[in-house]
Amino acid sequence: MEQIPGLRIRNMTDGDMVSIVEIDRKIVGADRDWPQRASSHFSTYHAPLSFIAEVEGKVVGFIIGDIRGAEYALPLSGWLDIMGVEPSYQGKGIGRKLMEAFVRGCRERGVKARVLFDEGNQRLKGFLTSAGFGRGNLVEFVRGFN
């Protein structure tokens, strides 16, 4: 894995929203309608577990997380909501550095780190496993409207 000279991980600020939306669109396309929600979420919770990866002042990655739990009948936990790395910077350890910052932030606050994702996403599952995450006890039940 190539290391990036000058990589800096820092806390996210309101001014980073434009950059993270741009990175996310490069990854998943313009179909996702989350910029307004991400911005509102960030300004409401001040996302204590949200970080930015920068190289020479340019935002190249992000992770958005916060602390919650009551809505899942769980103790307070650090929840990873969304992360992304500029495609041209993927595979260089930036996602791992962002995840380390997130987990360190959880540890400092005395909460477990948690993330929910589609079980079929093998790439994310492999990344999370390599970052030390294991399967938890939450189970999703879904009912359609047929």
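Everything discussed here concerns the structure shown above.
Residues numbered from 1 in each chain as written. Predicted model: local features only at pLDDT ≥ 70, side-chain atom pairs only at ≥ 80, totals over all residues. Heavy atoms only, no water.

Here we look at the packing of helix 3 (residues 94-109) against helix 4 (residues 122-130)
Here is step 1 of the chain: Look at helix 3 against helix 4: their axes get within 11 Å of each other, and the N-to-C directions meet at 55°. Between helix 3 and helix 4, the crossing angle belongs to the class labelled oblique. For the element pair helix 3 and helix 4, the recorded crossing hand is right-handed. Here Gly-95, Arg-96 and Met-99 of helix 3 come into contact with helix 4, specifically with Phe-127, Leu-128 and Ser-130. (Axes fitted to C-alpha atoms, helices over the stretch in contact; angles between N-to-C directions. Helix = DSSP H or I, 4+ residues; strand = E, 2+ residues; numbered from the N terminus. Parallel < 35°, antiparallel > 145°, perpendicular 65-115°, else oblique. Left-handed = near helix turned anticlockwise from the far one by under 90°. Contact = heavy atoms within 4.5 Å.)

A few points about the pairing of strand 2 (residues 51-55)
Walk down a regular strand and you will see the side chains alternate between the two sheet faces.
Here is step 1 of the chain: Along strand 2, five of the five residues are buried, which leaves the element largely enclosed by surrounding structure.
Here is step 2 of the chain: Burial along strand 2 is two-sided: the face carrying Phe-51, Ala-53 and Val-55 and the face carrying Ile-52 and Glu-54 are both buried.
Here is step 3 of the chain: As defined by bridge partners, strand 1 (residues 7-11) adjoins strand 2 across five bridges and the pair is classed as antiparallel. Directly across from Leu-7, in strand 2, lies its bridge partner Val-55.
Here is step 4 of the chain: Pairing of strand 2 with strand 3 (residues 58-68) involves five bridges; the strand directions are antiparallel. Pairing of Phe-51 across the sheet is with Ile-63, part of strand 3.
Here is step 5 of the chain: Remark: two residues form the turn of the hairpin made by strand 2 and strand 3, two consecutive strands paired antiparallel; Glu-56 in that turn has positive phi of roughly 50°. (Buried < 20%, exposed > 50% of the residue type's maximum accessible area, 1.4 Å probe, protein only. Pairing = 2+ DSSP bridges.)

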